[in-house]
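# Reading the structure
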Amino acid sequence: MGYWRWDASFSVGIAIIDNQHKRIIEYINELGTISIYHDKAKIRAVLAALKDYTVSHLAFEESMMEEAGYRKLEAHKQIHLSFIERINFFKERYENGEDISQQLMMDLQMWLVNHIQHEDTDYKEAVQAMLHKREISPMEEHIKDGWLATLRDKFFK
Ligand SMILES: [Fe+2]
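What comes next is a walk through the structure. All residue numbers refer to position in the chain's written sequence, counted from 1. Residues qualify for local features only when their pLDDT is at least 70, as the model is predicted, and side-chain atom pairs are given and counted only at 80 or more; totals for whole chains, interfaces and linings, by contrast, use all residues. Values shown for side chains rest on all heavy atoms present in the structure; no hydrogens or waters enter the calculation.

Within the protein, the secondary structure is distributed over 5 helices and 0 strands. Runs of H or I in DSSP of at least four residues are treated as helices and runs of E of at least two as strands, each being numbered from the N terminus. When the helices and strands of the protein are read in sequence order from the N terminus, they spell out α-α-α-α-α. For a compact globule the rule gives 2.2 Å times the number of residues to the power 0.38, and the radius of gyration it is set against comes from C-alpha atoms. Compactness check: the protein gives a C-alpha radius of gyration of 16 Å against a globular reference of 15 Å for 157 residues, within 12% of the reference. Principal axes of the C-alpha set define a box for the protein whose edges measure 50 × 30 × 30 Å. Working note: accessible area of the protein is about 8,500 Å², and carbon and sulfur atoms make up 51% of it. Areas reported here follow the Shrake-Rupley algorithm with a probe of radius 1.4 Å; residue values treat only the protein chains shown as occluding.

Moving on: the coordination of the iron ion. Surrounding the iron ion are the protein donor atoms E61 (OE), H76 (NE2), H80 (NE2), H115 (NE2) and D120 (OD), which sit 2.1 to 2.3 Å from the metal. For Na, K and Ca the donor cut-off is 3.2 Å; for every other metal, N, O and S atoms count as donors within 2.8 Å. Water does not enter the count, which can leave sites looking incomplete. All donor residues of the iron ion come from one chain, and their arrangement in sequence is E-x14-H-x3-H-x34-H-x4-D. Of this pair, E61 sits in helix α2 (residues 40–67) while D120 sits in helix α4 (residues 101–133), and the two are 59 residues apart along the sequence. Note on exposure labels: buried denotes an accessible area under 20% of the residue type's maximum, exposed denotes more than 50%, and partly exposed covers the range between, all computed with a 1.4 Å probe on protein chains only. Given the relative accessible area of 0%, D120 is considered buried.

A helix is expected to span 1.5 Å for every residue after the first. Helix length check: helix α3 (residues 73–95), at 23 residues, gives a terminal C-alpha distance of 33 Å against a target of 33 Å (1.5 Å per residue), a fit within 8%. Residues of α3 that are buried: L73, H76, H80, F83, I84, I87, F90, R93 and Y94. Throughout, a contact is declared for two residues whenever any of their heavy atoms are within 4.5 Å. The inward-facing, buried residues of α3 contact α2 and α4. Downstream of α3 by a residue or two, G97 has a phi angle that is positive, lying close to 95°.

This is the structure we're talking about:
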């Protein structure tokens, strides 16, 4: 599996979430690119950044689902939790000297594609409806202020 490009089939119809998914894809690609140099410090830094960003993204997503009164929130949270555990497991193996970055890259890629196209797509309607109620266009690219900007800043600043 090589460089991974985001395409419209990954869209959940909510720009702010699509953009976060794109950022995670960038981290995964970065991991793939640097893994060939076996630069431990660099790989460690990307792994940490990837994990931090993913944790923020998942918490942001959970807030959106909660706000929308999404009925499968608890099940979705469990899936997120097991994903974070999976990243931790890989980080640990890396710390123990295993060269896992290629494997991790493929694993994350498969997990994320599957998760976006199934579980995330499932909350699409509920979250879009919640945003419409707040008079926010789900596909608005540049959220500067208002409720959604405040929520984003809570997790990403
Ligand atoms: Fe999710």
